[in-house]
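If you want the building blocks of each chain, they are given just below.
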Amino acid sequence: MPLAPAHPLRIRGLLASSAALLLVPALAHADLAITPANAGRGFVVTSYATGFSNSGTYGPVGVAFLANQHVLVTDTDNGVLYGLPSHTDGQAVVTADSISGYTSAVWALAQVQIAGTWHVFGSDLGNFLELDPASGAVTRTIYGAGGYGIAPVPPGVSGPNAGHLFVGGGGFLWNVDPVAWSATPVAYGLIAYGDGIAISPDGSLLYIVRSDSLYAVNTTTWGNTFTGLAHAGEGFDGIALGVGSLAGYVYVNCNNGDLWEFGLAGGPHAGVDHVLASGGTRGDFIAVDPNVRGGNSSGYPTLLLTQTDRLVRLAIPGGGWFGPPTSSTAAIGMTLYAPPPASSPTRLAPVAPNPARGRAEIAFTLAADTAVRLSVFDLAGREVAVLADGPLGAGTHQVEWRGLTTRGAAADGVYFVRLRAAGATATRRIAWIR
């Protein structure tokens, strides 16, 4: 993101300054690599997706994950929102991956679950948006509440911020209630920055970067509780918090091609202040990928880092992972960043075909005999059809949906198939066409 001189945040009630958006020329492509000093710690860097437009300004920025299906990526260089069909590393973006409904730059993306229904939110810097994940079309807008980073409050956090999202940048820090569809400014003085924004697991602190400095803001008093870890010329940007064996670390993607690892004050790694990986191109946002488990061995979520023309993946084998989700991905009501269970009692396959016209096949597998409820929900979170309700035996089952709902034939649009069994829930998205 653009760079600006750092200064302390000014809190609620003070007027914000303004700053022009600067376009910083991108570096020629280089490969991000773990530094020799950290090579023995188990971190692994791989290439996830290449082929993004690159005219020397920005490339891919916002990233979100759709309930273990598509990976949404916005390319600000050409204004295209892509839906990458695979989580496999080593792929290339192609024209067929583009989602045509929204053709303006979406800088930040967040995928969240509210009352069992998945939603995709974004920001075009000026406004806060809800997007239809099938078409990319904007379905709702909160005008003026835009920013560069989105941090959903982690599941399980209680209090007045429960179920909310924080948006940083644009001169304000916004507190967004996605159910009431309202936004409240809670802190001023971020100028046009605050690109990287992450929230602590208990929801008490928001970690925010501006230019070359890292701040922490108390979400109750909105006081600036910590200022430091500044390095001139790096261009701090997307951030993520470490979890498990990485607890106490924060990871910062930088405009100059470095990835920094810091130890948070008062934590087990306080005083750590070094470059973990270097040699990359312009780094902007970071997104926690809950669908790909790290290092080919650990079973924990990995991290996607944006570069000028590509996305790279960072993983660490064994006991360490990344979260809570930061600028681009999270779930309200589902803990995507927790360690996976030893075995899953339910598996819900992707709906086929998708988009579906006339009928859709829904397959699921049960590990043991159990009661199940298989339902279809609309975008408003209403249960519109029940496809199975009662005890079923272990094994694979297949159900057909022909678009019938409690109100008649289903209208064209996006729906969600949800399976509940043995205390677990699995959800799949389906685009229905009559």
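Residues numbered from 1 in each chain as written. Predicted model: local features only at pLDDT ≥ 70, side-chain atom pairs only at ≥ 80, totals over all residues. Heavy atoms only, no water.

Quick notes on the confidence of the model for the protein
Okay, step 1: Of all residues in the protein, 77% attain a pLDDT of 70 or more, and the chain-wide mean is 76.
Okay, step 2: Counted against residues more than four places away or in other chains, residues 325-344, with its pLDDT under 50, gives 79 contacts. (pLDDT = per-residue confidence, 0-100. Contact = heavy atoms within 4.5 Å.)

Observations regarding the side chain of aspartate 177
Okay, step 1: With respect to the element layout, aspartate 177 can be found in strand β15 (residues 172-177).
Okay, step 2: One buried charge, aspartate 177, has no salt-bridge partner; the nearest side chain with opposite charge is arginine 140, at 8.5 Å.
Okay, step 3: Here the side chain of aspartate 177 touches alanine 180 through a polar contact of 3.1 Å, landing on its backbone nitrogen. (Helix = DSSP H or I, 4+ residues; strand = E, 2+ residues; numbered from the N terminus. Buried < 20%, exposed > 50% of the residue type's maximum accessible area, 1.4 Å probe, protein only. Lys, Arg positive; Asp, Glu negative; His and termini not counted. Salt bridge = Lys/Arg side-chain N within 4 Å of Asp/Glu carboxyl O. Polar contact = N/O pair within 3.5 Å; in protein donor to acceptor, adjacent residues only side chain to side chain.)

Some remarks on the packing of aromatic side chains
Okay, step 1: Applying the stated criterion to the full structure yields 11 aromatic pairs.
Okay, step 2: Pairing tyrosine 249 with tyrosine 251 gives two aromatic rings, centres 6.1 Å apart and planes at 50°, and the pair type is tilted.
Okay, step 3: Here a set of aromatic residues connected by ring pairs shows up, and it is made of Phe43, Tyr249 and Tyr251.
Okay, step 4: Stacked on the ring of tryptophan 181, the Lys or Arg arginine 140 has its end atom at 4.1 Å from the ring centre. (Phe/Tyr/Trp six-rings, centres within 6.5 Å; stacked < 30°, edge-to-face > 60°. Lys NZ or Arg CZ within 6 Å of the ring centre and 35° of its normal.)

Observations concerning unusual backbone geometry
Okay, step 1: Put simply, alanine 352 and proline 353 share a cis peptide bond, and its omega is -10°.
Okay, step 2: Structurally, the position occupied by proline 353 is in the loop between β29 (346-348) and β30 (356-357).
Okay, step 3: Proline 355 follows asparagine 354 through a cis peptide bond whose omega is 5°.
Okay, step 4: Mapped onto the elements of the fold, proline 355 is located in the loop between β29 and β30.
Okay, step 5: A positive phi angle, close to 55°, is found at tryptophan 181, a residue other than glycine.

Some words on the pattern of salt bridges
Okay, step 1: In this structure the tally under the stated criterion is 12 salt bridges.
Okay, step 2: We note a salt bridge from arginine 313 to aspartate 89, for which the minimum N-O separation is 2.8 Å. Linking arginine 313 in strand β27 (residues 311-315) with aspartate 89 in the loop between β6 (80-84) and β7 (91-92), this pair joins segments that are 224 residues apart in sequence.
Okay, step 3: Of the residues examined, arginine 313 reaches a relative accessible area of 3% and is grouped as buried.
Okay, step 4: Between glutamate 400 and arginine 359 there is a salt bridge, with its nearest N and O atoms 3.9 Å apart. Taken together, the residues glutamate 400 in strand β34 (residues 395-401) and arginine 359 in the loop between β30 and β31 (360-366) connect sequence positions 41 residues apart.
Okay, step 5: Classification of glutamate 400 by relative accessible area gives partly exposed; the value is 35%.
Okay, step 6: Salt bridges here are not isolated pairs; linked through shared partners, they connect Arg359, Glu361, Glu400 and Arg402.

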